[in-house]
Amino acid sequence: MEYTFTLKYRLSQTLSDTDDLVERLAQAGCNDALIGLGIPGRIALEFIREADSAQQAIHSAMQQIASVMADAILFEVSPDYVGLTDIADLIGVSRQNMRKLMLAHHLTFPVPVHEGSTAFWHLADVLSWLEGRGSYRLPAGVQETALVALSINLLNQKRRYRPE
């Protein structure tokens, strides 16, 4: 099965030659990734990877990246944090329909991770809720990938903010 996911890293100061970095990532097995270097000091790798499970796909990519960029810090795995537009696009409805659905089911719709001028949810939570309703067709593998991404992001957050 194919799994689509993105790994975002903060680069260490020792990784300044991006052309060399991209070449080494390809040699390490990340040739199935689209690599983005648009923000200085950051790298995003969007994968479409075949594997037996989302966990296997993501962890194999993380291991390959670590073999090249041991000092880089993983700060986000996606798909995880999503807005209503992202969810609507995924299930094939308009953002307005997604908002109506959220408001009509305000007692059971998942609580956002962040609520402000823009609200964000964990995709796994919303997909699980939608699956429970049974009226939306979810793309294959997305829920499994979202659950793995959520798990890794929560573990990273716990590591960053662990009380002393």
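Before going into details, it helps to say that this report is about the structure given with it. Computed from a prediction, not measured in an experiment: that's the story for all the values here.

## Side note on the packing of helix α3 (residues 84-91) against helix α5 (residues 123-133)
Two elements in contact, α3 and α5, have axes whose closest approach is 11 Å; the angle formed by their N-to-C orientations is 45°. It follows from the interaxial angle that α3 and α5 lie oblique. Here α3 and α5 pass one another in a crossing that is right-handed. Residues I87, L90 and I91 of α3 form the contact with α5, whose own contacting residues are L123, V126, L127 and L130. Here the contact of α3 with α5 is composed, by residue class, of seven nonpolar, no polar and no charged.

## Comments concerning the side chain of Q143
Among the structural elements, Q143 can be located in helix α6 (residues 142-161). Residues contacting Q143, with those up to four places away along its chain left out, are A124, L127, S128, E131 and L138.

## Some thoughts on the packing of aromatic side chains
Enumeration over the complete set of coordinates arrives at three aromatic pairs. With a centroid separation of 5.1 Å and 15° between ring planes, the pair formed by F5 and F47 is classed as stacked. Taken together, the positions of F5 in strand β1 (residues 2-10) and F47 in strand β3 (residues 42-50) put the pair 42 residues apart, joining distant regions of the chain. Take F47: its relative accessible area is 0%, and that puts it in the buried class. Taking the centre distance of 4.9 Å and the plane angle of 70° together, the rings of F109 and W129 count as edge-to-face. Placement of F109 in the loop between α4 (95-104) and β6 (121-122) and of W129 in helix α5 is noted, with a sequence separation of 20 residues between them. Aromatic rings pair up to connect F109, W121 and W129 into one cluster. Positioned above the aromatic ring of F75 is the side chain of R42, whose terminal nitrogen or guanidinium carbon lies 4.8 Å from the ring centre.

## Observations regarding α4
Considered for burial, the residues of α4 that qualify are M98, L101 and M102. Along the axis of α4, the buried residues cluster in a sector spanning 100°; they form a single face. Counted as exposed and oriented over 90 degrees from the buried face of α4: Q96, K100 and A104. Of the surrounding elements, those touching the buried residues of α4 are α3, β6 and α5.

Analysis parameters
For every chain, the first residue of the written sequence is number 1, and numbering continues from 1 onward in sequence order. The model is predicted, so local features are restricted to residues of pLDDT at least 70 and side-chain atom pairs to those at 80 or more, both for listing and for counting; the totals for chains, interfaces and linings are taken over all residues. In computing side-chain properties, one takes all heavy atoms of the structure into account and sets aside hydrogens as well as water. Note on geometry: axes are C-alpha line fits, over the in-contact stretch for helices, and angles between N-to-C directions span 0 to 180 degrees. For helices the rule is a DSSP run of H or I covering at least 4 residues; for strands it is a run of E covering at least 2, with both sets numbered from the N terminus onward. In this scheme, roughly parallel covers angles under 35 degrees and roughly antiparallel covers those over 145, while 65 to 115 is roughly perpendicular and the rest are oblique. In this scheme, a crossing is called left-handed if the near helix is turned counterclockwise away from the far one by less than a right angle; it is called right-handed if the turn is clockwise. By the convention used here, residues are in contact when the closest approach between their heavy atoms is within 4.5 Å. Charged means Asp, Glu, Lys or Arg here, nonpolar means Ala, Val, Leu, Ile, Met, Phe, Trp, Tyr, Cys or Pro, and polar covers whatever is left, Gly included. Classification of ring pairs uses Phe, Tyr and Trp, with its six-membered ring standing for Trp, and accepts pairs whose centres are within 6.5 Å; under 30 degrees between planes counts as stacked, over 60 as edge-to-face, and the remaining range as tilted. The rule is simple: take the accessible area with a 1.4 Å probe, protein chains only, and divide by the maximum for that residue type; under 20% is buried, over 50% is exposed, in between is partly exposed. We call a charge positioned above a ring when the Lys NZ or Arg CZ atom is no farther than 6 Å from the ring centre and deviates by at most 35 degrees from the ring normal. The arc refers to the directions leading from the helix axis to the C-beta atoms.

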